[in-house]
Amino acid sequence: MSTSTDRAPDAGSLPGATQLRRPQQNRPARESAEREPAGRPGPRPARPVRPGNRGLRWPAPPPERGRERRAPAAAVVLLGAWTAFAVLAVVVALHGSAPFGWEQQTVQWAGGHRPGAARATAGVVTSLGTAAVPWAAALAAGLLVARRAPADRRLLLAVTPLLWLLAGQLLRTLLMHGIGRPRPPTAGWAVPASGFSFPSGHTFTSATAFGLLAWALGRDLAFRGYGRTFRRRCTAALAALAVLVGLSRVYLSVHWPLDVLGGWLLATGWLALGALLLVRPRARRRTAEPERIRAP
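A brief look at the structure comes next. Fair warning: this is a prediction, and the values are worked out from it, not measured in the lab.

Calculation criteria
- Residues numbered from 1 in each chain as written.
- Predicted model: local features only at pLDDT ≥ 70, side-chain atom pairs only at ≥ 80, totals over all residues.
- Heavy atoms only, no water.
- Helix = DSSP H or I, 4+ residues; strand = E, 2+ residues; numbered from the N terminus.
- Buried < 20%, exposed > 50% of the residue type's maximum accessible area, 1.4 Å probe, protein only.
- Contact = heavy atoms within 4.5 Å.
- Areas by Shrake-Rupley, 256 points an atom, 1.4 Å probe, with all protein chains shown as cover.
- Axes fitted to C-alpha atoms, helices over the stretch in contact; angles between N-to-C directions.
- Parallel < 35°, antiparallel > 145°, perpendicular 65-115°, else oblique.
- Left-handed = near helix turned anticlockwise from the far one by under 90°.
- Nonpolar A, V, L, I, M, F, W, Y, C, P; charged D, E, K, R; others polar.
- Phe/Tyr/Trp six-rings, centres within 6.5 Å; stacked < 30°, edge-to-face > 60°.
- Core = buried A, V, L, I, M, F, W, Y, C linked by side-chain atoms within 4.5 Å.

### Topic: the overall build of the protein chain
The helix and strand tally for the protein chain stands at nine helices and zero strands. Counted from the first residue to the last, the protein chain has its helices and strands arranged as α-α-α-α-α-α-α-α-α. Residues classed as buried in the protein chain amount to 33% of the 296 residues present. Restricting to contacts in the protein chain with at least 6 residues of sequence separation, those with at least 24 account for 78%. For the protein chain, the accessible surface area stands at approximately 18,800 Å², while carbon and sulfur atoms represent 63% of it.

### Section: unusual backbone geometry
That bond from phenylalanine 198 to proline 199 is cis: its omega, -10 degrees, falls within 30 degrees of zero. The residue serine 97 is not glycine, and still its phi comes out positive at about 60 degrees. For serine 97, the location among the structural elements is in the loop between α2 (67–94) and α3 (101–112).

### Considerations on the packing of helix α4 (residues 116–126) against helix α8 (residues 228–251)
The N-to-C vectors of α4 and α8 enclose an angle of 130 degrees; their axes lie 8 Å apart at closest approach. Considered as vectors, α4 and α8 are oriented oblique to each other. For the crossing formed where α4 meets α8, the hand is left-handed. Contacts from Ala118, Ala122, Val125 and Thr126 of α4 reach α8 at Leu244, Val245, Ser248, Arg249 and Tyr251. In terms of residue class, the contact of α4 with α8 is made up of six nonpolar, two polar and one charged.

### Some points on the packing of aromatic side chains
In total, this model carries four aromatic pairs according to the counting rule given. Seen from their ring centres, tryptophan 164 and tryptophan 270 are 4.2 Å apart, and the 15 degrees between their planes marks the pair as stacked. Here the residue tryptophan 164 occupies a position in helix α6 (residues 154–179), and tryptophan 270 occupies one in helix α9 (residues 257–294), the gap between them amounting to 106 residues. The class of tryptophan 270 is buried, set by a relative accessible area of 9%. Here the aromatic residues Trp82, Trp164 and Trp270 are joined through ring pairs into a cluster of three or more.

### Observations concerning the nonpolar core
Among the nonpolar cores identified, the biggest contains 36 residues, and Phe198 and Leu213 are the most heavily contacted of them. Residues in contact with leucine 213, not counting those within four places in the same chain, are Ala137, Ala140, Ala141, Leu144 and Leu238. In terms of nonpolar packing, the next biggest core, distinct from the first, is built from seven residues, Ala110, Ala190, Val191 and Leu252 among them.

Read these as layout, nothing more, since geometry by itself doesn't imply function.
Structure (structure tokens):
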């Protein structure tokens, strides 16, 4: 009686066994890494070359965290700001566009507490919301964004903040003439003014222009490696300028307080709408990019 045991055939003895073996694709790379001295660092990965800028290597952009949350946040800000503006406009219209009692008291108090130095300072601050300053801020925002963009999109990105500010001015003018709220009495004006009162033009223009500049500057500082704390301080400084411009309009007795509040709400919604429109095309481009890479 035979005592031999049945053995399973070896993998190498089977026909087609070479197909069962795992291919060693990274073997040369591992061997070269083993031969390399321990103290010598490996080769650095090449920095990406952006399309339209061949030969110019830009630093890799910082990790964009929370990009998916920006669109819902912008939508919430847009809805909240413009809902509040609509409610405020209805309240003003139902009151016959006349000022409330506390608004009259505020303007009268400002007229009685306006010494020469304070009046001159307020005049300088309020000038930041008109003439060339807001347009220069919007142009600076466009140039900051365009400097790191591909060559075929630089001109469009450079003029986009200017066009957005211009479109906002058209919207604000239509609302101002539609509501038709009169200004405070001309006897108390400390600076010249014209047009209707609600919403405040200086307030809306400065908040929109400085908001665009804060967005572009924060983006540029992030590319250059500045920390989040420094970027927030720059944004807070520009926001403080916009707030001071609005307060100066009441202090100089050319606007009622609700006019300034309406200008801030309208500008906040306008900036949120711009942010919402900016995030959606970028999301579509990121989704379509792998398809372009796999295309023959």
